[in-house]
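Spelled out, the chains give:
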Amino acid sequence: MPHKRELSYIEKQWIMDEQVGKKELDRPCPECGLKLVLKWSRFGFFYGCRGWPKCDILVGCHPGTTEPLGYPVNTETRQARIRAHDVFDKLWQGKAAFMTRHEAYQWLAEML
């Protein structure tokens, strides 16, 4: 996947003013079927379900862009991903790490 260009301050301000709450993903929420709309948090842009807070499905964006990191998934799949990262990330993060991030993902790709 090509590297995404980070938005300038002016572009971010325009998006905040003109697109947050309006720009939608072309895929519906996998839980409730409503649209996912562009939102902002202190961590950056993301797409969240219009059904929030009842429905908390979201997908983050590449840093400094409004390009989604992937596809929104249901709660069960999201929780499984979180549990997998809790285990996998220990290979390359923290005091017990014995691989670099690149090595860990390379090893995982070979195992699959």
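This section reports on the structure supplied with the text. Since the model is a prediction, treat every value here as computed from it, not as a measurement.

1. Description of the sheet that holds strand β1 (residues 24-28)
Then comes step 1: The strand order β1-β2-β3-β4 describes an open sheet built from 4 strands, whose pairing is antiparallel. Two strands in the sheet have a free side with no partner beyond their single neighbour: β1 and β4 (58-60). When the angles between neighbouring strand axes are averaged without regard to direction, this sheet yields 30 degrees.
Then comes step 2: Relative to β4, strand β3 (residues 44-49) is paired through 3 bridges, and the arrangement is antiparallel. Residue G48 lies in a different strand from β4, and its bridge partner there is L58.

2. Some thoughts on the pairing of strand β2 (residues 35-41)
Then comes step 1: Judged from the 2 bridges that link them, β1 and β2 form a sheet pairing that is antiparallel. Along β2, the bridge assignment pairs P28 with K35.
Then comes step 2: Counting the residues in the hairpin turn of β1 and β2 gives 6 residues, including G33, whose phi is positive at 90 degrees.
Then comes step 3: Pairing of β2 with β3, which is carried by 6 bridges, proceeds in the antiparallel orientation.

The rules behind the values
Residues numbered from 1 in each chain as written. Predicted model: local features only at pLDDT ≥ 70, side-chain atom pairs only at ≥ 80, totals over all residues. Heavy atoms only, no water. Pairing = 2+ DSSP bridges. Helix = DSSP H or I, 4+ residues; strand = E, 2+ residues; numbered from the N terminus. Axes fitted to C-alpha atoms, helices over the stretch in contact; angles between N-to-C directions.

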